[in-house]
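# Observations on the model geometry
Read off the chains here:
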Amino acid sequence: MRTLSSNRLLVVTFSVFLLASLCSPREVRMRSEESVQSHDLETRVAIDRFNEAFGRHDADALAAFLTEDTVFEDTSPAPDGRRVTGKAAVVDFWRGWFARNADARFEAEDVIVSGDRATVLWVYRKMRDGKPWHLRGVDIFTVRDGKVAAKLAYVKG
């Protein structure tokens, strides 16, 4: 009987050791970091694709990068801006905006990604009264399933 108990103890001890080695904190942390990096990469790709289409003033291409329930918050009118909801309404907004601002350019200065969120610091440039003009701002994006679910815009000054 004693030998059987020792064998059981040995089997239990080995099993615990095996499970612990399969699920070590380091490995769990590494798997978690890989998952975060993968999610960050998906968000970054979505933002880059959106910004590229935006830079071309291509409202139809933007539509492919928006969720059906997407939300856009414009910087104007002051003080709180305007909220546009739904893919069709957001694409229509940008189509009109591109037509009215054909010379406008947004330059991303920095893109900071964390999970499904991205913050893009930008400079908006255009001609105003025949002179170069610019405005600095930031967009806060939420990405879901590889598409932009929200773009909230804020400006300096």
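Up top is the structure these notes are about.
In this text, all values refer to a predicted model and were calculated from it rather than measured experimentally.

With that out of the way, let us pick up the overall build of the protein. Secondary structure summary: the protein contains four helices and six strands in total. Listing each helix as α and each strand as β along the protein from the N terminus yields α-α-α-β-β-α-β-β-β-β. Within the protein, buried positions represent 30% of all 157 residues. Looking at the protein alone, contacts between residues at least 24 apart form 42% of all its contacts between residues at least 6 apart. Put simply, the protein shows about 10400 Å² of open surface, and 56% of that area lies on carbon and sulfur atoms.

A word on the layout of surface pockets. Looking at the largest pocket, its volume works out to about 470 Å³. What lines the largest pocket is a set of 25 residues, among which T75, W97, F106, W122 and Y124 lie closest to the centre. Secondary structure elements with two or more residues in the lining of the largest pocket: helix 2 (25–55), helix 4 (87–100), strand 3 (105–114), strand 4 (117–128), strand 5 (131–144) and strand 6 (147–155). In terms of residue class, the lining of the largest pocket is built from 14 nonpolar, five polar and six charged.

What follows deals with the packing of aromatic side chains. Enumeration over the complete set of coordinates arrives at 17 aromatic pairs. Seen in terms of ring centroids, W97 and F98 are 5.9 Å apart; in terms of plane orientation they differ by 75°. Their pairing is edge-to-face. Both residues of the pair, W97 and F98, belong to the buried class. Through pairs of rings, three or more aromatic residues link up here, namely F50, F54, F72, F93, W94, W97, F98, F106, W122, Y124, W133 and F141. If you follow R128 out to its NZ or CZ, it ends over the ring of W133, 4.0 Å from the centre. Here the basic side chain of K151 rests over the ring of F54, its NZ or CZ set 5.7 Å away from the ring centre.

We now examine the pairing of strand 3. Relative to strand 4, strand 3 runs antiparallel, the two being bridged by nine bridges. Each residue of the ladder has a partner; that of I112, found in strand 4, is T119.

Glancing now at the environment of V123. Examined against the element boundaries, V123 turns out to sit in strand 4. Here V123 falls in the buried class, since its relative accessible area comes to 1%. Along the chain, V123 and R136 lie 13 residues apart, while their C-alpha atoms are 4.5 Å from each other. Setting aside residues no more than four positions away along its own chain, V123 makes contact with R105, F106, E107, E109, H134, L135 and R136.

Definitions and cut-offs
Residues numbered from 1 in each chain as written. Predicted model: local features only at pLDDT ≥ 70, side-chain atom pairs only at ≥ 80, totals over all residues. Heavy atoms only, no water. Helix = DSSP H or I, 4+ residues; strand = E, 2+ residues; numbered from the N terminus. Buried < 20%, exposed > 50% of the residue type's maximum accessible area, 1.4 Å probe, protein only. Contact = heavy atoms within 4.5 Å. Areas by Shrake-Rupley, 256 points an atom, 1.4 Å probe, with all protein chains shown as cover. 1 Å grid on protein atoms, 1.4 Å probe; cavity = no way out; pocket = protein on both sides within 12 Å on 5 of 7 lines; lining within 4 Å. Points joined across faces, edges and corners; volume = space filled by probe spheres on them. Nonpolar A, V, L, I, M, F, W, Y, C, P; charged D, E, K, R; others polar. Phe/Tyr/Trp six-rings, centres within 6.5 Å; stacked < 30°, edge-to-face > 60°. Lys NZ or Arg CZ within 6 Å of the ring centre and 35° of its normal. Pairing = 2+ DSSP bridges.

Purely geometric stuff here, so don't read any function into it on its own.
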